[in-house]
Amino acid sequence: MADGKPLKIALAITGASGALYAVRTLAELLARGVHVELVVSDYGRRLLRDELGDEATLEKLLPYLTSKYGGTVSAGALSVHSNRDLGATIASGSHNCSAMAIVPCSMKTLAGIAHGLSRNLVERAADVMLKERRRLVIVPRETPMSLPALKNMVLCAEAGAMIVPAMPAFYQQPKSLDDLADFMAGKILSALGFEHDLYPAWTGQV
Ligand SMILES: Cc1cc2nc3c(=O)[nH]c(=O)nc-3n(C[C@H](O)[C@H](O)[C@H](O)COP(=O)(O)O)c2cc1C
């Protein structure tokens, strides 16, 4: 909460593999009462459906989250913006959106952010976070990585973004894909400044 109003956080889903990380992160933010301003690129939409099935299309996302993660998601609010709408709230620094996460982030969107292109709402909102010195969490996913992609990550980090690669760990002994998604969502929540118990804190031994 900020001044009694829900915290606003922008979440972008782009066309890299890892839609499960995005929906887990979205559910956790909503469960914390956050007003999530969601923008999904065309390929982000495709990956939601390709990786999670027809029940997880953008239009059905809230029922999907509720059935998968429970009714706690109703604690938050969800606004969906078109990626073509460069007049949306999150395109302006005067809008009080305090942070943004891009989960997962394609190499194309990464390049656009690194070079300040603002070709669509995802890139523009990310640029707003950088220029306003607000928290920007980028979760890139690609392998292997080209030199341009690696350099673009450095450019974004130099500009103030936090690079949180989609690289789940195994020391927490995951038993399922959901365990791996919990780990990544936990890392993203930490980067956004939230506490969570999505994976056990490291105690010094497995
Ligand atoms: C099934 C599928 C998987 C993809 N996985 C990745 C990926 O993991 N990383 C990546 O950078 N691009 C990936 N791409 C390519 C991007 O979707 C493509 O570059 C697209 O233009 C990204 O646009 P966006 O950033 O606006 O979503 C994938 C495409 C498809 C169809």
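Residues numbered from 1 in each chain as written. Predicted model: local features only at pLDDT ≥ 70, side-chain atom pairs only at ≥ 80, totals over all residues. Heavy atoms only, no water.

## A short note on the pattern of salt bridges
To keep it simple, the criterion reads: Whenever a carboxyl oxygen of Asp or Glu lies within 4 Å of a side-chain nitrogen of Lys or Arg, that contact is scored as a salt bridge. Partly exposed describes any residue whose relative accessible area lies between the buried limit of under 20% and the exposed limit of over 50%, with all areas from a 1.4 Å probe on protein chains only and scaled to the type maximum.
Counted by the stated rule, this structure contains 10 salt bridges. The salt bridge partner of Arg119 is Glu123, with a shortest N-O separation of 2.6 Å. Here Glu123 falls in the buried class, since its relative accessible area comes to 1%.

## Quick notes on the site of the ligand
Our working definition: We define proximity as follows: a residue is near a molecule or strand when any one of its heavy atoms falls within 4 Å of that partner. Here a polar contact means two N or O atoms within 3.5 Å. Within protein one must be a hydrogen donor candidate and the other an acceptor candidate, and residues neighboring in sequence count only if both atoms are side-chain atoms. The way it works is that DSSP assigns letters per residue, a run of H or I at least four long becomes a helix, a run of E at least two long becomes a strand, and they are numbered from the N terminus.
Surrounding the ligand, one finds 14 residues, the nearest of these being Gly15, Ser41, Ser106, Thr109 and Arg141. For the ligand, an oxygen atom lies 2.6 Å from a polar atom in the backbone of Gly15. Ser106 has a polar side-chain atom sitting 2.5 Å from an oxygen atom of the ligand. For the shell around the ligand, the secondary structure elements donating two or more residues are α2 (42–52) and α4 (107–114).

## Remarks on the pairing of strand β2 (residues 35–40)
For a regular strand, side-chain orientation follows a simple rule: the groups alternate between the two sheet faces. For the record, the criterion: By the convention used here, strands pair only if DSSP detects at least 2 bridges between them.
Most of β2 sits out of view: 6 of its 6 residues are buried. Every second residue of β2 is oriented toward a common face, with His35, Glu37 and Val39 on one face and Val36, Leu38 and Val40 on the other, all of them buried. Sheet topology note: the strand β1 (residues 8–13)/β2 ladder contains 6 bridges and is parallel. In the sheet register, Leu11 faces β2, and the bridge partner there is Leu38.

## Remarks on the packing of helix α1 (residues 19–31) against helix α7 (residues 177–192)
In plain terms, the rule: Only C-alpha atoms enter the line fits that serve as axes; for helices the fit covers just the stretch in contact. Angles between N-to-C directions range over 0 to 180 degrees. The labels follow the angle: roughly parallel below 35 degrees, roughly antiparallel above 145, roughly perpendicular from 65 to 115, and oblique for the rest. Here is the rule for handedness: rotate from the far helix to the near one, and if that takes an anticlockwise turn smaller than a right angle the crossing is left-handed, while a clockwise turn gives right-handed. Should any heavy atoms of two residues lie within 4.5 Å, those residues are considered in contact.
Look at α1 against α7: their axes get within 8 Å of each other, and the N-to-C directions meet at 55 degrees. Classified by the angle their axes make, α1 and α7 are oblique. When you trace α1 past α7, the crossing you get is right-handed. Note on element contacts: α7 touches α1 through Leu177, Asp178, Leu180, Ala181, Asp182, Met184, Ala185, Ile188, Leu189 and Leu192, opposite Leu20, Tyr21, Arg24, Thr25, Glu28 and Leu29.

## Some words on the environment of Val128
If you trace the backbone, Val128 turns up in helix α5 (residues 121–131). Overall, Val128 belongs to the buried group, its relative accessible area being 1%. Once the C-alpha coordinates of Val128 and Ala99 are considered, the two residues, 29 residues apart in sequence, prove to be 9.9 Å apart. Sequence-distant contacts of Val128, defined by excluding residues within four places in its chain, comprise Ile90, Ala91, Ser92 and Gly93.

## A short note on a nonpolar patch on the surface
Test applied: Residues enter patches when they are more than 30% accessible in relative terms and free of salt bridges; like-charged ones are connected within 9 Å and nonpolar ones (Val, Leu, Ile, Met, Phe, Trp, Tyr) within 5 Å. Working definition of accessibility: Shrake-Rupley area with a 1.4 Å probe, residue cover restricted to the visible protein chains.
Side chains of Tyr171, Trp202 and Val206 sit close together on the surface and give an oily, nonpolar patch of about 370 Å² of accessible area. By the secondary structure assignment, Trp202 is in the segment after α7.

## A short note on the sheet that holds strand β5 (residues 135–140)
One open sheet holds the 6 strands; their spatial order is β3-β2-β1-β4-β5-β6, and the pairing between them is parallel. Looking along the sheet, the strands with just one partner apiece sit at the ends: β3 (77–81) and β6 (162–163). Summarising the sheet, β1 and strand β4 (residues 99–105) pair through 4 bridges and their orientation is parallel. Among the inter-strand pairings, Ile9 is bridged to a residue of β4, identified as Ala99.

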